[in-house]
Protein chains: 2
Amino acid sequence: MSKYWNERVQKLEPYVPGEQPKDQNYIKLNTNENPYPPSPKALEAMRDCLDARLRLYPDPNASDLRQAIATYYDVPVDTVFVGNGSDEVLAFAFMTFFSPKRQVAFADITYSFYKVYANLCSLDPRSIPLDDAFQIPVDAFCETSGGVVLPNPNAPTGRGLPIDVLRKIIEADPDRVVVIDEAYINFGGTSAVSLVKDYPNLLVVQTLSKFAALAGIRVGFAIGQPELIDGLNRLKNSLNSYTLDRVALAGAQAAVEDFAYSEEMARRVIATRERVSAELREAGFDVLPSESNFIFISHPEHDAEQLFRNLKARGILVRYFNQPRISDHLRVSIGTDAEMDAFLKVTKELIREDR
Amino acid sequence: MSKYWNERVQKLEPYVPGEQPKDQNYIKLNTNENPYPPSPKALEAMRDCLDARLRLYPDPNASDLRQAIATYYDVPVDTVFVGNGSDEVLAFAFMTFFSPKRQVAFADITYSFYKVYANLCSLDPRSIPLDDAFQIPVDAFCETSGGVVLPNPNAPTGRGLPIDVLRKIIEADPDRVVVIDEAYINFGGTSAVSLVKDYPNLLVVQTLSKFAALAGIRVGFAIGQPELIDGLNRLKNSLNSYTLDRVALAGAQAAVEDFAYSEEMARRVIATRERVSAELREAGFDVLPSESNFIFISHPEHDAEQLFRNLKARGILVRYFNQPRISDHLRVSIGTDAEMDAFLKVTKELIREDR
């Protein structure tokens, strides 16, 4: 604490990201990165802008990138907002659409940054408990509130939501904004982007970090009706006019224009996920059905934290959350087939030794 | 306006950046970019990271870049904070150190984003008028307040501040944070970084956009005692854990390690500035003494807005501010010698025609 921090900063409880070890000796299954490289076209586009033009500011409106996204999703360009990773886009959404006067609803087990944003914006979060199978209680999310944030699929559980459930929640209170965080949508879920034209209170947020394998360049985006996009732009232009740099803009645009490549990589991830899930179930694990590029697992006879530590000691990083209700689970990102074979081998050895 | 925007966003008055025309047919002297390219070592470092590693998140602590900055300035690494351009760093400083309960002081004629940040943070700004020579009234800045923001040199005037004046303002009230915005310090001013070790209430903010000619990759930084840096980190980690991407981190680090190159380029800019200033004075212009990479000029017999428009029609972009007290001035970035010769030629023709 410091006397120089204002009251809000004194009270903040910052987000703690998953470990990013500097040595590359780990099999890294802890931050849901894509195991496959980004599109070669994205790398080429970035290479092409590394010259004297970097002395110039980027396009503050990111017009070309926004157009590429609009074209892929077949939506008007004025329904697209881009930012420095979907975390920034989500933060801006919290800062724009939610008010300290009314509660914002999200699940008790979900992306832990939502609570941090709520704190940052002095909001009153309403934590809605998932049921025992980690599914959302739809009726509770339909109750009137000052806003809703729902990831589809949810993290860290990987569970997806059917579009008709989302539609019901969006329709339940047309005066509040519903943010659907689709960071992992391309690994088996159904996007709500097609609903945007029907609902002025719907904002869909996506990222290039997972699907496009570009966590390293920080690009996220939101799709919503122009009324919502204008609000995000007002906020952004009151904080930082140029959130995306020239290299990231070029790489992201080329990546979006080559989403067919990412779709192919996603199919590989999904195939690996299904194979690994089946093997883990055979080894006695409970594996939640996942629509994402990670799985959420527990074992009735083995301690999750112990397994996390033992895996780390054997060179495999997964994510353990020391939190109520999920401290018996591990979140495991889906790596390449070779990485997952190593993970399966070591995991089976560890639970054998622990018997 | 929209019913979905919260009260704060309804009231925002966003910043409007200088034009970034997409065609490169203009001589662009309107956004204070460096006319020379960035260090070849920075471009090479960026080229070296365009591969499969971009699928991984960047280092959220930006340790290597922060170490490079710490080494250049000979300060401890825990006194360095980095962000997505100095605009983001300044926004975070406003969000961390200033409180709605006490007024924040800055000049009436200064970087117009300060007022936007104040608005974003629901702060009460105290506008202190510069004198008729656009110099700061030191005593007024020494009066107790909730915080001070001073650019050195000031923008859009280009006027610098001596270190002993800054020291007086910092010492006047040790309970408030004084932010010195040194975006243009490397074009003739004296940095306050050397004061950081003596004053826990001093934060110095710099950018790679101007001096290092890297406006295109968005990197800014702050130097202050760890108490202030920790506050900025709390805020940043409550908004976006990864504000700097892998490419920007690598390019910025190499650029800082090659600041000797940027110093050489800055010497060229300064020489051009002095030559152009002298020629403009000869043509009847008032030219404020500048310690930056731009000049602030007016002509007793010619309308500034008219001149701005005529220059634009002739392919030369400068910046005109339609604001009280400075609507008779133009801010002209210092370009290459060839660009400035073209600017001088056209300007002289225009004032001859206007006689």
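Residues numbered from 1 in each chain as written. Chains lettered and ligands numbered in written order. Predicted model: local features only at pLDDT ≥ 70, side-chain atom pairs only at ≥ 80, totals over all residues. Heavy atoms only, no water.

Peer 1: I'd like to hear about the sheet that holds strand E3 (residues 104-107) of chain B, residue by residue, with values.
Peer 2: Residue and element names in this part refer to chain B. If you trace the 7 strands from one edge of the open sheet to the other, you get E2-E8-E7-E6-E5-E3-E4, paired in mixed fashion. Where the open sheet ends on each side, the last strands, each with one partner, are strand E2 (80-83) and strand E4 (125-128). Taken pair by pair, the neighbouring strands of this sheet meet at an average axis angle of 20°, ignoring direction. Where strand E5 (residues 147-151) and strand E6 (residues 178-181) come together, 4 bridges link them in parallel fashion. Bridge pairing in E6 places Val148 opposite Val178. On the sheet, helix H5 (residues 113-120) packs against E3, E4, E5 and E6 and is oriented at approximately 160° with respect to E3. (Pairing = 2+ DSSP bridges. Helix = DSSP H or I, 4+ residues; strand = E, 2+ residues; numbered from the N terminus. Axes fitted to C-alpha atoms, helices over the stretch in contact; angles between N-to-C directions. Contact = heavy atoms within 4.5 Å.)

Peer 1: Give me the pattern of salt bridges: which residues, what numbers.
Peer 2: Pairs may arise between side chains of opposite charge once their charged atoms sit close together. Residues and elements named next belong to chain A. The full count for this structure, using the stated rule, is 34 salt bridges over all chains. The salt bridge involving Asp108 is made with Arg325; its shortest N-O contact spans 2.7 Å. With Asp108 in the loop between strand E3 (104-107) and helix H5 (113-120) and Arg325 in the loop between strand E12 (319-320) and strand E13 (329-333), this residue pair connects regions lying 217 residues apart in the sequence. For Asp108, a relative accessible area of 26% puts it in the partly exposed group. (Salt bridge = Lys/Arg side-chain N within 4 Å of Asp/Glu carboxyl O. Buried < 20%, exposed > 50% of the residue type's maximum accessible area, 1.4 Å probe, protein only.)

Peer 1: Go over the domain arrangement of chain A with me, naming the residues and quoting the values.
Peer 2: Residues and elements named next belong to chain A. If you check the domain split of chain A, you get domain 1 (7-36 + 260-353) and domain 2 (40-259). If you look at the interface, domain 1 gives 32 residues, while domain 2 gives 37 residues. Interface area for domain 1 against domain 2, summed over the two sides, is near 2900 Å², with a carbon-plus-sulfur share of 58%. The largest contributions to the domain 1 side of the interface with domain 2 come from Tyr15, Glu291 and Arg325, which together make up 26% of the buried area. Taken together, the links from domain 1 to domain 2 amount to 2 salt bridges. For Arg325, the salt bridge identified is with Asp132, shortest N-O distance 4.0 Å. For the interface between domain 1 and domain 2, the tally reads 16 residue pairs in polar contact (both at pLDDT 80 or more). Put simply, the parts of the chain that give the side of domain 1 that touches domain 2 at least two residues each are helix H1 (7-11), helix H10 (259-282), strand E10 (294-298) and E13. (Domains from an automatic or database assignment. Buried area = accessible area lost by both parts, 1.4 Å probe. Polar contact = N/O pair within 3.5 Å; in protein donor to acceptor, adjacent residues only side chain to side chain.)

Peer 1: Hey, could you go over the interface of chain A and chain B for me, with residue numbers and the actual values?
Peer 2: Chain A puts 91 residues into the contact, and the matching count from chain B is 90 residues. When the buried area of chain A at its contact with chain B is split by residue, A:Tyr4, A:Arg55 and A:Tyr57 rank highest and sum to 12% of it. Put simply, chain A and chain B have 4 salt bridges between them. For A:Lys3, the salt bridge is made with B:Asp175, and the minimal N-O distance between the two is 2.9 Å. Mapped onto the side of chain A that touches chain B, the elements with two or more residues apiece are H1, helix H2 (40-47), helix H3 (63-73), helix H4 (85-97), H5, helix H8 (226-236) and helix H9 (246-257) of chain A. Take the side of chain A that touches chain B: its biggest share by element is 8 residues, from H4(A). Among the residues making up the side of chain A that touches chain B, the classes are represented as 45 nonpolar, 21 polar and 25 charged. (Nonpolar A, V, L, I, M, F, W, Y, C, P; charged D, E, K, R; others polar.)

Peer 1: Give a detailed account of the UniProt feature "modified residue: N6-(pyridoxal phosphate)lysine" (unreviewed entry) in chain A, specifying residues and quantitative values.
Peer 2: In the UniProt entry, the feature "modified residue: N6-(pyridoxal phosphate)lysine" (unreviewed entry) is given for A:Lys210. Residue position: A:Lys210 is located in the loop between strand E7 (202-207) and strand E8 (220-224). The contact partners of A:Lys210, leaving out residues within four places of it in the chain, are A:Thr31, A:Asn32, A:Asn34, A:Ala183, A:Tyr184, A:Phe187, A:Asn293 and B:Tyr57. (UniProt positions renumbered as here; feature names shortened; annotations may be inferred.)

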